[in-house]
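A structural walkthrough
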Amino acid sequence: MAIDLSVSPHGHLVMIRSGDRKSPELTAARAQRIEDAFGEGMAAGVLHLVMVELESRLPGALAFAREVGRGYLTRLCRTPELNDTAQLAPIAPPSIEELTALAMQAPPMQGLEYLTPEVLRQWWVELDEHVRVQIRDSAMGTRAWIENQNPLWRLVGRITFHLAENKRDESHPFAFMATYTSRLSAQGRAQHLPLSRALQEYAGAKDRPALVALLTPIQKAAESSALAKELIDSGAVYQALAWTPQQAYRFLQDIPALEKGGVIVRVPDWWQAKSPPRAQVSVKIGDRAASKLGADALLDFSVGVTLNGQGISEDELSDILQSSGGLVRLRGQWVEVDCDKLQAALGHWKKVERAASQGISFFEGMRLLSGVSLDQTAGDTHLEQVRNWTGIVAGEALQRTLSELRDPNTAGEPPADLKAQLRPYQSSGVNWLRFMTRLGLGACLADDMGLGKTIQVLALLLHERGRRDENGPPSLLVVPASLIANWKAEIARFGPSLSAVVAHPSEGELNPEQLAGRGLDLVITTYGMVTRLDWLRTQAWRLVILDEAQAIKNSGTRQTRAVKELRSTSRIALTGTPVENRLSDLWSLFDFLNPGLLGSSKAFGQFVKGLSQSGENAYGPLRALVQPYILRRLKTDKRIISDLPDKTEIKAFCGLSKLQAALYEQSVRELADQLQTLDGIRRRGIVLAYLMRLKQICNHPAQWTGSGDYDPKHSGKFHRLSELCEELAARQDKALVFTQFREMTEPLAEYLQTIFGRPGLVLHGSTPVPRRREMVDSFQRDEGPPFFVLSLKAGGTGLNLTAASHVIHFDRWWNPAVENQATDRAFRIGQTRNVMVHKFVCRGTVEEKIDAMISEKLGLSTDLLDGSGEKLLTEMDDQQLLRFVSLDIGKAIEGS
């Protein structure tokens, strides 16, 4: 078992075990140390990483957490007001811009979608509070505490290397001095003294250890900086020095090594990021408006040399390239120049410009802007040097398009035929989808479950209906078989004017000839049918829309390959599962949405391999490349929606397996035979017994037969449970699963454990009362079990389980009051999130018919289904009863 980190829906950083995968970076002992540290809390874990594991090689998520801690400790160590007391003032978090940039550098990890600048700010605050408590409790003072944790963070006698302009000497226009901070002034400011004074201050033998401690950062820097070593060996570090531009430039190049050793570096304020302005190659893409700016557009491409965004003349460029490089005076300021690297970068891009005389593809332009190159690995030295001396920008025309891609908050007019009022974020989503499809770009709508992906797509289709040629091709919607009924119901409810047909055996035969001349807007089919029906893959479609698009995450499957053969002008993927957490899944999804954007599987694999070798902050360019094509809104984000309904109920229609259907039909025939010879109380008892049997068969054949073989493939409900809970597991949402049968609790829990990757909890009538309290407390913890299976009677009252945001009624009690009472274990005081209630119903069975009856006569439901829930059915005559319980095989198998 390997350890990893995830971000919970609450924004907490949580330690998890990551299955059977092993991490080559972690020894067993190191993994145990880290796990123990995070067992004490998030802040303790991050502090351990940045102190104990500071020089350890760590996998992505742990390395990113350490980077957050490194940023905090760096700022702590550079706090001018720091003193030796245990009373440390809070360290202010970075700006929102800095936190946003940091979030972009996060590697793929579970819960990545919850990682926002606000979450990072909260991590910083928690770490700061934890550190200050540790310092206070240590009673040893801030400096001593930091030194005790890790000598690399020592603050006693901070040394600073200063580089400044020396305008009095044209041949040596720079000055160098090393200082140290011996104490704080009365005003709380650091007093910088020449480092030579330290030799006098620590002259006595008793002070020698303090002098050694003071000079240790320079000694450490000298291990990787030749300049620092020369300054120490020659004794020049104790003197004020006049430097030439070449010497000053050498100093600038060694700044990373100096800071890594613990030396503070100060350069002129007008040099940003401790380096002067740089003359660099400027590449501009898409400056002129194209006739069609979209997936098929060719973008113009131009190359020049600029300084601070302003073009450099030919004469200035000639002077630069003929100079000795380093620091060069240009336009009244010092400019960084490396003639060889600048010439190499210019040559590279001129070669690209000649090859792209007709323009470059839209996707190639996007890769250039993001900094993602699929032609070389991320560790290619030549390519890295070219990037370092290149600035790539979008031209005016392309920038307008990118602004709309990256800011999908513009709402448009809803279609006239939509029978619903769109929320503002839904209207923005529809407008974004329209914009993407008109450009021929693939779009991934990845809104949280319950935010209305379906209605946004229906609104899009209604818009398309208004602009589509009557003889033009319809759109194709591909769904899991279990969702056909849901889509048909939503179309009837919100878009009844849409002309839609289903390409599935349950709806009769459908062939391409039947599509012509019908003015169809939409054809609905299943992933399985795409594999079986060749004409679906040869037919031209307006849009191809995938619901539950995680179905194509495995690029090598026959199903995925078949879906990618579908022909359309634009493609849309709908998913509530985070799409950026696993890079292989991300490639497969984008190979469908925008083929070529992420290159071939082999090229992308090489690129990812290079990322893993490039350091801890290598994922930003890839994230920048794919983000414009993904629209994800979270229910937890109050900026998106502040009035989400407290409780949303959804019918989860399920099919029957062939075994279930056979057992169900056999039971109905047996019931018919029994009814011929029975009456009165005996008839009522037999009817109730058979109704119970049919319920059990709808759950799983093994429940009725007692075989104990709860193979998921034999139950449509188990299949639907898998589809639903895979999404919940990916988003780290917790679920309550209710069943009225105690014998179903353990099989359900065992199956759910395979989906969530860790065990859950089970509660039924035999669970001791003290144990119930322990289970509730465990479930309520953020890092607690991901699911809780409860028998309806035992778990229907007296429990507060607000950690769950999903309630699943695996089988129905057929009494809304009882079900609502169970639902209220999660939907009650203390719940801060929307609760989704999923009610499982097997199509074509007695479950669907009773569910429809409850929906139609909700006010009478208590009388209708009083007591055991089947009173009315026992009072039907034989023919009514048999019609009511008979199996509609077409409906039942459709959803399987």
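My aim in this report is to walk through the structure given alongside it, one point at a time.

What counts and what doesn't
Here the residue numbers are simple positions, counted from 1 along each chain's written sequence. Local features in this predicted model are restricted to residues whose pLDDT is 70 or higher, and side-chain atom pairs enter the listing and the counts only when it is 80 or higher, whereas totals over whole chains, interfaces and linings include all residues. With hydrogens and water set aside, each side-chain value is computed from the structure's full complement of heavy atoms. Put simply, DSSP H or I for four residues or longer makes a helix, DSSP E for two residues or longer makes a strand, and each gets a number counted from the N terminus. Helix span, as expected, comes to 1.5 Å for every residue beyond the first. The rule is simple: take the accessible area with a 1.4 Å probe, protein chains only, and divide by the maximum for that residue type; under 20% is buried, over 50% is exposed, in between is partly exposed. Whether two residues touch is decided by their heavy atoms; if any such pair falls within 4.5 Å, the residues are in contact. Two strands are counted as paired when DSSP detects at least two bridges linking them. Fitted lines through C-alpha atoms give the axes, limited to the stretch in contact for helices. The angle between two N-to-C directions lies from 0 to 180 degrees. Any Lys or Arg side-chain nitrogen found within 4 Å of a carboxyl oxygen on Asp or Glu counts as a salt bridge. A 3.5 Å cut-off defines polar contacts: any pair of N or O atoms within that distance qualifies, except that in protein one atom must be a possible hydrogen donor and the other a possible acceptor, and neighbouring residues in sequence count only when both atoms are side-chain atoms. Within this analysis, the arc is defined by the directions that extend from the helix axis to the C-beta atoms. An angle counts as roughly parallel when it lies under 35 degrees, as roughly antiparallel when it exceeds 145, as roughly perpendicular when it falls between 65 and 115, and as oblique in every other case. Amino acid classes used here: Ala, Val, Leu, Ile, Met, Phe, Trp, Tyr, Cys and Pro are nonpolar; Asp, Glu, Lys and Arg are charged; the rest, including Gly, are polar. Between 30 and 60 degrees the pair is tilted, below 30 it is stacked and above 60 it is edge-to-face, where a pair is any two Phe, Tyr or Trp rings, Trp via its six-membered ring, whose centres lie within 6.5 Å. In this analysis the charged atom, NZ for Lys or CZ for Arg, is taken to sit over a ring once it is within 6 Å of the ring centre and within 35 degrees of the ring normal.

The periodicity of an α-helix, 3.6 residues per turn, causes residues three or four places apart in sequence to face the same way. In this model helix α17 (residues 424-438) runs 21 Å from its N-terminal to its C-terminal C-alpha over 15 residues, within 8% of the 21 Å that 1.5 Å per residue would give. All of the buried residues along α17 are Tyr 425, Gln 426, Ser 427, Ser 428, Gly 429, Val 430, Trp 432, Leu 433, Arg 434, Phe 435, Met 436 and Thr 437. Where α17 is buried, its residues touch α16 (396-406), β16 (443-445), α18 (453-467), β20 (540-546), β21 (567-574) and β22 (630-631). Phi for Gly 440, located one or two positions after α17, is positive at around 75°.

Below, the discussion takes up the sheet that holds β16. Strand order in this open sheet of seven strands is β18-β19-β17-β20-β21-β16-β22, and the pairing throughout is parallel. The open sheet has two edge strands with one neighbour each: β18 (500-502) and β22. Where β16 meets β21, three bridges bridge the pair, whose relative direction is parallel. Among the inter-strand pairings, Leu 445 is bridged to a residue of β21, identified as Leu 574. Those strands touched by α17 are β16, β20, β21 and β22, and its axis lies near 160° from that of β16. Packed onto the sheet, α18 meets β16, β17 (475-479), β19 (522-526), β20 and β21 and runs at close to 170° relative to β20.

Here the focus is the sheet that holds strand β11 (residues 310-311). Within a sheet, neighbouring strands are paired by backbone hydrogen bonds and run either parallel or antiparallel to one another. Pairing within the open sheet is mixed, and its four strands lie in the order β11-β10-β8-β15. The sheet is open, and its two borders are formed by β11 and β15 (390-394), each paired with just one other strand. Contacts from helix α14 (residues 362-370) reach β8 (280-285), β10 (301-307) and β15, with the element oriented near 130° to β15.

Turning our eyes to something else, we now look at the pattern of salt bridges. Throughout the structure, instances matching the rule amount to 39 salt bridges. Glu 316 is the partner of Arg 331 in a salt bridge, and the nearest nitrogen-oxygen pair spans 2.8 Å. Of this pair, Arg 331 sits in the loop between β12 (326-330) and β13 (333-337) while Glu 316 sits in helix α12 (residues 314-322), placing them 15 residues apart in sequence. With a relative accessible area of 18%, Glu 316 lands in the buried category. Notably, a salt bridge pairs Arg 537 with Glu 565, separated by 3.0 Å at the nearest N-O pair.

Here Thr 575 lies in the loop between β21 and α24 (583-593). A distance of 2.8 Å separates a polar atom in the side chain of Thr 575 from a polar atom in the side chain of Gln 550. If sequence neighbours within four positions are ignored, Thr 575 has contacts with Cys 444, Leu 445, Ala 446, Asp 447, Lys 453, Ala 549 and Gln 550.

Quick look at helix α6 (residues 142-149) now. Taken residue by residue, α6 has Thr 142, Arg 143, Trp 145 and Ile 146 as its buried positions. Seen from one end, α6 has its buried residues packed into an arc of 165°, which puts them on one side.

Below, the discussion takes up the packing of helix α27 (residues 658-675) against helix α38 (residues 878-885). Two elements in contact, α27 and α38, have axes separated by 11 Å at closest approach and are oriented at 175°. Taken together, the axes of α27 and α38 are roughly antiparallel relative to one another. Residue-level contacts link Tyr 664, Val 668, Leu 671, Ala 672 and Leu 675 of α27 to Asp 878, Leu 881, Leu 882 and Val 885 of α38. A breakdown of the residues in the contact of α27 with α38 according to their chemical character gives eight nonpolar, no polar and one charged.

Axis separation between helix α1 (residues 28-39) and helix α2 (residues 42-51) bottoms out at 6 Å; the angle between their running directions is 145°. Two secondary-structure elements touch here, α1 through Arg 33, Ile 34, Ala 37 and Phe 38 and α2 through Met 42, Ala 44, Gly 45, Val 46, His 48 and Leu 49. Taken together, the residues of the contact of α1 with α2 sort by class into seven nonpolar, two polar and one charged.

Quick look at the pairing of β13 now. In terms of burial, β13 is largely enclosed, as four of its five residues are buried. In this structure, β12 lies alongside β13, joined through five bridges in antiparallel fashion. Looking across to β13, one finds that Leu 330 is bridged to Gln 333. Here β12 folds back onto β13 in antiparallel fashion, the turn holding two residues, of which Arg 331 has a positive phi close to 55°.

Tallied over the full model, the rule gives 16 aromatic pairs. With a centroid separation of 5.8 Å and an interplanar angle of 55°, the aromatic rings of Trp 243 and Phe 251 are classed as tilted. For Trp 243, a relative accessible area of 5% translates into the label buried. Given the relative accessible area of 0%, Phe 251 is considered buried. Ring centres of Phe 362 and Phe 363 lie 6.1 Å apart, and the angle between their planes is 70°; this geometry places the pair in the edge-to-face category. Taken together, Phe 161, Phe 176, Trp 243 and Phe 251 form an aromatic cluster joined through their ring pairs. In this structure, Lys 717 is placed above the aromatic ring of Phe 810, and the distance from its NZ or CZ to the ring centre is 5.4 Å. One Lys or Arg, Arg 843, reaches over the ring of Phe 653 and ends 5.8 Å from the middle of that ring.

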